[in-house]
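Residue strings, one per chain:
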Amino acid sequence: MKLSKNFVKDYVDIDVDINTLAEDMTKVGNEYDSAGKLINATNLIIGEVIECKEHPNSDHLHVCKVNIGKEILDIVCGAPNVRKGLKVILAQVGAELPDGITIKKGSIRGEESNGMLCSLLELGMESKYVPEIDKTGIHELPEDAPVGENPIEYMGLSDEIVDFELTANRGDLLSILGMAYELGAIYDKPVKEVDLKHSETDENVNDSFKVEINTDNCNLFLAKKALNVTIKESPDFIKNRLISSGIRPINNVVDISNYVMLELGQPLHFYDSDRLGERIVVRMAEPNEKLTTLDNIERTLSKEDIVISNGKEAIGLAGVMGGLSTEVEETTKNIIIESAIFDGVKVRCTSKNILRSEASNRFEKGLDPNRTYMAIERACVLLEKYADAKIAKGTVIYDKSDKNEKKIDIKFKDINGLLGMEISKEEILNVFRKLNFKYVENGEIITVTVPTRRLDISIKEDLIEEVGRIYGVDNIEGKLPVLPIKTGSYNKTIREIRNKMVTLGLNETMSYVLINEKEANKYILDSFEAIKLLDPLTEERNTLRYSMIPSLVKIFEYNSDRNNKDVSIFEIGKGFGKINEDYIEEEKLCVLMSGKFYEGVGNTRNVDFYILKGIAEEVLDYLGYNGRYSFVANKELPKEFHPGQTAYVIVNGEQVGIIGKLHPSETKEDVYVMEINLSKLLAKMVGKMKYKEISKFPSIKKDLAFVVDKDIDSQTIEKQIKKSAGNLLTAIEVFDVYTGNRIEANKKSIAYSLTFSDSKKTLTDDEVTGIFNKIIADAEKILGITLRG
Amino acid sequence: MKEQIAKIKETALLEIEKISNLQELNDVKVKYLGKKGELTSVLRGMKDLTPEERPVIGGLVNEVRDNIENLIQIKEATLQEELLNKKLESEKIDITLPSTKIKRGSKHPINRIIEEVEDIFVSMGYDVVDGPELETDEYCFEKLNLPKGHPARDMQDSFYVDPEHLLRTQTSAVQARVMMANEEKTPIRVICPGKTYRRDDDATHSHQFGQVEGLVIDKDISLADLKGTLEVFVRKMLGKNSNLRFRPSYFPFTEPSYEVDVSCFKCGGKGCNLCKQTGWIEILGSGMVHPNVLKENGYDPEKYTGFAFGTGLDRLAMFKYGIPDIRYFYTNDVRFLKQFDRKDVE
C-alpha cells in the first residue's frame, strides 16, 4: 500500500518528515519498503521558450533562449517538440535528477547550454503515468503556467510517499482513512469527518432498478444511480493522488471509483446503466460459464466464482474484474454504482486464477460494512462535483451484514500479566482513546467497543496487542520463566552417528529433498511409489526423494566437474515414499566415497569397497550391532549398481541398506555409495554395554589356508569354520587372499588366522590340534574345499 | 707368580683400551677370563704353591679378575652406546616432509548451528522434539489458527502433494503435535529444529531452509519471559553484548506477535552495510500463543498462556560464519564443507 502524504493529510493533521513517519509506523508494526518524494529532483523552475533556432552543427538539436523570470538562459535542447512560446520544466545548473544525474554548465557542439529542459520521465515518473509527448520529447506545461515558480508544486506533484508492506490482518490500512486513524493514534491527533453530502433528484432508483442476491457469498450489496455524467479528464488532485498511490488515471468516472477505493478501502464498480438494464443478480457461476472481462479476455468460470449478472448472463466477476459488455465508455451517460461485500475466501480463489487486483486484495482481507455505505455516498459526492452527475434518490439495499460494534471486556491485570509489564491504568485508557476506541471503565474491568473498521480485533489478546503497539514494549525487562528444573533431552543417537562419521573423515552435506522424478526412482531396492508435488516450482524439483543417493551423486558430479575428485561425504536425512497408500518418512544415513581416502608421501590409499565396508562396520559396531549384521551379495540389485561389487546390508536377518560400487554406466569414476535406513536399524534393540571377563590363560594362534573356487565367498567359509570350531575359537581373521599362477586358474587361496582360548584353563596343543583337524575335515566334507598344500 | 699376574693385568688393560668392537671385546674376555684363559691357568698353577702363598695369590688373582671384568663391562657399555648412536644417526628422517593425512571430517554448518541451538535450550530444560516434514494441512495450518482460505496462508506458499498433505512450511506444525500429545499437561518446554519448505527460490530465499521453533506453555507466562529467554539464546549465539528490539507484527498463531531484531553484531548498532545502516537485524518471529491455538490443541486459554518463537537457521549460519549466499549451503562444494572442521571459539 502506497501512502500519499498529501492524501492522508485530508483526514489527519500531521507534520512530520516522511522518513520519521515511516519509522514511527514500523514501530507500531507497519513495515515499509521505501519512503521518499514522488518526484525526486531538485532545482527545477518553470520557464518559457522565447527563442528557438536550429543548432548550426546538428540536424536535430535546437538552441533556445528560456526565460525563467530572474534571467534568460541559453539552452541546447534535442526534443522535437521544443518551440517558441512553450512553457517548460527547466532543470537549472546544479539540479539533481533521479539516477544520480547532476546538471552542469556545458557546451554542446559549440553552443553554450545552462540547464536542461525535461520530460516527466527524466524526473523519475513511471512511464505509465506520463503523457505520450513526454516519451519522445519534453513535458509541455499549460500556457498559463507561472514562469519562475517550482513546476513540481505547480503540477501538484510535490507529494511524499511511503510504500508499506502491511501484514495480512490489517485490511483496514488499505485505505487512507484507516491510515489516518493509525497515524492519529501514533501522533495523538483527531481524524476528520468524510464529506458525504450531495444532492439527489426526485426519481428514486428503487423504482427502476432491482438487486437480487442468490448466494450466501454476498452479504451486503448497495446500488445507486448517477445520471447524465460527463466523461472527461479528472482534476489534477485526483490524478496526482492516484499516481502517488500507484494507479494510472483514465477518466474522471473511472478515477473516482479508484479514488474512493483508496480513500475508504471499499472497492466500487460502475456499470453503464443503459447497457446493464434494470437489474443485477448476484449468483455463483455455472460450470464452464463464459464471461469476457474488461481486458477483453474470454474467461471460463467454475461454480466457485461469484458472478454479477443482468439476469440473463454474467456481466462481471464479483470483486475481481468487471465485464466488457457493461463497461463505462466515453459515451456513457448514466451509471449504476455498486458498493458490496463479497466473501473474501471466494474472491481470493477466483483472483488467484484470474488476476490479483487492488480490489480483490481488499475483499480478501475483509471489509467494514459501514464503509460500504460511506463509499457509495462518497462516490456520489465526487461524481456530482467532478462529472456533473445528478444523483438519483435512494439506494437499492440488500443487507445481511453485521454492523454491530464488538464489545470486549478486559481486566487491567490481564494486560500487564500477558505483557509482563507495569503499565498504569491511565496509560492503558490513553491508548484506547488515541485509537478512537470507546470504552467504559468499571472497576478492574474495561469494556472496550471496537469500531467495525478494525476487523482484526475480536478477543482480549487483540486489545493487549493494541496496548503493546501504541504504548510500546521497548522497556520490557526480560526475565526467565519460573519453571521446575529438569534436564532437557535430544536425539543423542543421531548426533553420535554424525560425530562418528565426522571422526571417520567424512564431510557432511545437506541437500534438497525435492528432486526430479526420474532421479527419485534410481538406486532403490525397496518397492515404493515416489511422492510427487501437485504444483512444483520446476520439473527439476517435482518429487520427494526416497533415497538420498541421487542427491549425493549430484554433489559428487558437481565437485568432480570442479576437479574436487576426492569426495568422502555423508548425509543424515529423511526419505519419503508411498507404500500401500501410506506416506512414510524414514531417517536415512547415506555415504558416498570416491578418489583418495588418505594420502601421504608414497602411501596413498584410494577408496574401494572395503574402505566403505569398514565405515559401515564402524557405525554398526558402534551402535552395538556387532555380530548381528552381514553384507550379502544378491542378484536382485538396482541396475545403477555394479553387479559384482554390491551387497545388501542385513541386520537381524532384515535388509536395512545397500552398499556398493556404482555401475560404470552411471559414472566414469569409481564411486562407492551406501545407504542405511536408520529408522529400521535403530528400531532393533541393542543390549546394554557390559564388561566381559578377559581370559587369564594364554591363547593359541594357528593359521590355515584353503584353495577354493573363486565364486565361494569368504563369509561361507568363515561360518563353517566357526561352526566346526565351537566356542573355543575366539577370533578369526582373513590375512591373505591369493590368485595367480601358483594355483589353478579359477581358484583362489584364502588364508585365515585363528585364535583359540579358554577362559577357564590353559589350552593344550592336543586340544587345539583336535579342533583344527575337525575344521579341516568339515571343510572338506561339507564345503568340498581343500587345504592349500 | 705375582709378576706374572701383574703382567697379565697390564697387558689386559692395554688390550681392552684398544678394543673398538664387541666381537674383539668378547675375544679378550675369553682370552683372560675364559675356562682356558690366562688368569684361569694361573689359578691352576696354584696347587704348586705353599699353603701360606695360596690365599695371597688367590686374592690377587680375584682382584685382577674383578678389575678386568669391570673394565670389560665399562667398555661394553661404551661400545653399545656407540653402536646405538650410529643406528639412530642412520635412522634420521626429514621431519619437514608432509604428514600422512589423517582424514578429518566436518559437520554441515546448518547442523552445527542446530547442535548449538539444541545445547543452549537443553541446558535450560527444553526437550528437542521432531515432527514429520510431510505434514497434514490440519497440523501445519488449521490447528494454528490458519483456516483454509485465510489470507495469511499467502505468507507461506506451499508445496502440496495432495489436498491434505504438504511439505511443512514452518516448524510451528510441531507445536500443535506437542500440545496434542501433552493433553493439557504443563509446563511444555520444547524446541523443534528442522527442514521447512516454501515455494520461493532466489538469492535470499531457498525453497528448502532450516527453522527452529520454540514453545513454552504454563500458567502466567508473559512477553517478559519470552524476551528474557530470547536474550539468553541470542547472547549465547551471537555475542554477549547483543540487545533485542521487539517490533509488533502479525502471525496468525500468536497474539500479540512480534518481529525480533538483534543489535547488529557487525557494527554493534552504529550502522553498517550488514544492517543496512539501521543498527538492527531481523532474526526472529515470536509472540504469545494465540488463544485459538491453545484451545484448538486442548489447552484452556483462561488457565494457560505461552510463548512461541521461530528463527531461520540458514540466516543464523550466514551471520555466524559470514556466508554471503544461502545457496552455498545446498551446493555442498567440498571446499565449502571442509571449512567447518574445527572447534569454534565459544
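All values derive from a computational prediction rather than experimental measurement.

Once that is clear, we can look at the overall build of chain B. For chain B, the helix and strand inventory stands at 12 helices and 10 strands. Overall size of chain B, expressed as C-alpha extent along the three principal axes, is 130 × 45 × 45 Å. Within chain B, the proportion of its 346 residues that are buried is 40%.

The figure often quoted for interface size is the accessible area lost as the parts come together. Taken domain by domain, chain B holds domain 1 (2-90) and domain 2 (109-339). Inter-centroid distance (C-alpha atoms) of domain 1 of chain B to domain 2 of chain B is 90 Å.

Let us now look at the interface of chain B and chain A. Facing 75 residues of chain B, the contacting portion of chain A comprises 77 residues. Per-element tally for the side of chain B that touches chain A: the top contributor is helix 8 (residues 223-238) of chain B, with 8 residues. Residue classes in the side of chain B that touches chain A are distributed as 32 nonpolar, 18 polar and 25 charged.

Here we come to helix 19 (residues 609-622) of chain A. Residue and element names in this part refer to chain A. Its 14 residues place the ends of helix 19 20 Å apart at the C-alpha level, agreeing with the 20 Å of an ideal helix rising 1.5 Å per residue. Among all positions in helix 19, only Phe609, Leu612, Ile615, Ala616, Val619 and Leu620 are buried. Down the axis of helix 19, the buried side of the element spans an arc of 130 degrees, and every buried residue falls inside it. For helix 19, exposure combined with an orientation more than 90 degrees from the buried face picks out Tyr610 and Asp621. Contacts made by the buried residues of helix 19 are with helix 16 (492-503), strand 32 (582-594), strand 35 (629-632), strand 36 (641-651), strand 37 (654-662) and strand 38 (671-677). One or two residues past the end of helix 19 sits Gly624, with phi positive at roughly 95 degrees.

This paragraph deals with the sheet that holds strand 28 (residues 507-508) of chain A. All names here are of chain A. Strands sit in the order 28-31-32-38-37-36-35 across an open sheet of 7 strands; the sheet is mixed. Edge positions in the sheet fall to strand 28 and strand 35, since each has one partner strand and no second. Across 5 bridges, the pairing between strand 37 and strand 38 is antiparallel. Note that in strand 38 the partner of Lys661 across the bridge is Tyr672.

Under the domain assignment used here, chain A contains domain 1 (2-38 + 160-187), domain 2 (44-154), domain 3 (205-399), domain 4 (406-471), domain 5 (492-682) and domain 6 (700-787). Inter-centroid distance (C-alpha atoms) of domain 2 of chain A to domain 3 of chain A is 42 Å.

Glancing now at the packing of helix 14 (residues 425-434) of chain A against helix 15 (residues 460-471) of chain A. All names here are of chain A. Two numbers describe how helix 14 lies on helix 15: the axes approach to 9 Å, and their chain directions differ by 90 degrees. In terms of orientation, helix 14 lies roughly perpendicular with respect to helix 15. In this structure, helix 14 uses Glu427, Ile428, Val431 and Lys434 to contact helix 15, whose residues at the interface are Glu466, Val467, Ile470 and Tyr471.

This brings us to the nonpolar core. All names here are of chain A. With 265 residues, the main nonpolar core has Leu117, Ala223, Ala379, Leu552, Val591, Leu592 and Leu612 as its most contacted residues. Looking at this core, the element that brings in the most residues is helix 12 (residues 369-386), giving 9 residues. Residue contacts for Val591: discarding those within four places in its chain leaves Leu506, Phe570, Leu612, Ile615, Val673 and Met674.

Let's shift gears to helix 5 (residues 109-123) of chain B. Residues and elements named next belong to chain B. Taking 1.5 Å per residue as the helical rise, helix 5 with its 15 residues ought to reach 21 Å, and the 21 Å between its terminal C-alpha atoms agrees with that figure. Taken as a whole, helix 5 has its buried residues at Pro109, Ile110, Asn111, Ile113, Ile114, Val117, Glu118 and Phe121. One or two positions beyond helix 5, positive phi appears at Gly125, with a value near 90 degrees.

On to unusual backbone geometry, then. Of note, the amide linkage connecting Thr186 of chain B to Pro187 of chain B takes the cis form, showing an omega dihedral of -5 degrees. With respect to the helices and strands, Pro187 of chain B occurs in the loop between helix 7 (173-182) and strand 5 (188-197). The step from Glu255 of chain B to Pro256 of chain B runs through a cis peptide bond, and the omega angle for that step is -5 degrees. Mapped onto the elements of the fold, Pro256 of chain B is located in strand 8 (residues 254-263). Even without being a glycine, Asp388 of chain A presents a positive backbone phi close to 55 degrees. Examined against the element boundaries, Asp388 of chain A turns out to sit in the loop between helix 12 and strand 23 (390-391). With phi around 70 degrees, Glu581 of chain A is a residue other than glycine that occupies positive phi space.

So, on to the sheet that holds strand 1 (residues 2-4) of chain A. All names here are of chain A. Across the sheet, which stays open at both edges, the 3 strands sit in the order 1-12-2 with antiparallel pairing between neighbours. At either margin of the open sheet sits one strand with a lone partner, and together these are strand 1 and strand 2 (31-37). Neighbour to neighbour, the strand axes of the sheet diverge by 20 degrees on average, direction disregarded. Helix 7 (residues 236-245) rests against strand 1 and strand 12 (160-165) of the sheet, and its axis sits at about 145 degrees to strand 1.

The next subject is the confidence of the model for chain B. Confidence in the prediction for chain B averages 89 pLDDT; 98% of positions are at 70 or higher. Interface confidence for the predicted complex, expressed as ipTM, amounts to 0.87; the pTM equals 0.84.

Time to look at the environment of Ser127 of chain A. All names here are of chain A. Along the chain, Ser127 turns up in the loop between strand 11 (115-117) and helix 3 (132-136). By the C-beta count within 10 Å, which is 10 here, Ser127 ends up exposed. With residues near it in sequence (within four places) discarded, Ser127 still touches Leu121 and Lys135.

Right, let's talk about the pairing of strand 20 (residues 314-317) of chain A for a bit. Residues and elements named next belong to chain A. As paired elements, strand 19 (residues 306-309) and strand 20 share 3 bridges and run antiparallel to each other. Bridging from a neighbouring strand, Val307 pairs with Leu317 of strand 20. Counted between consecutive antiparallel strands, the loop separating strand 19 from strand 20 contains 4 residues, among which Gly311 sits at a positive phi close to 100 degrees. Bridging between strand 20 and strand 21 (residues 321-322) involves 2 bridges; their strand directions are antiparallel. Bridging from a neighbouring strand, Gly316 pairs with Gly322 of strand 21. Where strand 20 hands over to strand 21, the hairpin turn is made up of 3 residues, of which Gly319 adopts a positive phi near 80 degrees.

Reading the values: the criteria
Residues numbered from 1 in each chain as written. Chains lettered and ligands numbered in written order. Predicted model: local features only at pLDDT ≥ 70, side-chain atom pairs only at ≥ 80, totals over all residues. Helix = DSSP H or I, 4+ residues; strand = E, 2+ residues; numbered from the N terminus. Buried ≥ 20, exposed ≤ 12 C-beta atoms within 10 Å, placed from the backbone. Domains from an automatic or database assignment. Contact = placed C-beta atoms within 7 Å. Nonpolar A, V, L, I, M, F, W, Y, C, P; charged D, E, K, R; others polar. Expected span 1.5 Å × (residues − 1). Arc of directions from axis to C-beta. Pairing = 2+ DSSP bridges. Axes fitted to C-alpha atoms, helices over the stretch in contact; angles between N-to-C directions. Parallel < 35°, antiparallel > 145°, perpendicular 65-115°, else oblique. Core = buried A, V, L, I, M, F, W, Y, C linked by C-beta atoms within 7 Å. pLDDT = per-residue confidence, 0-100.

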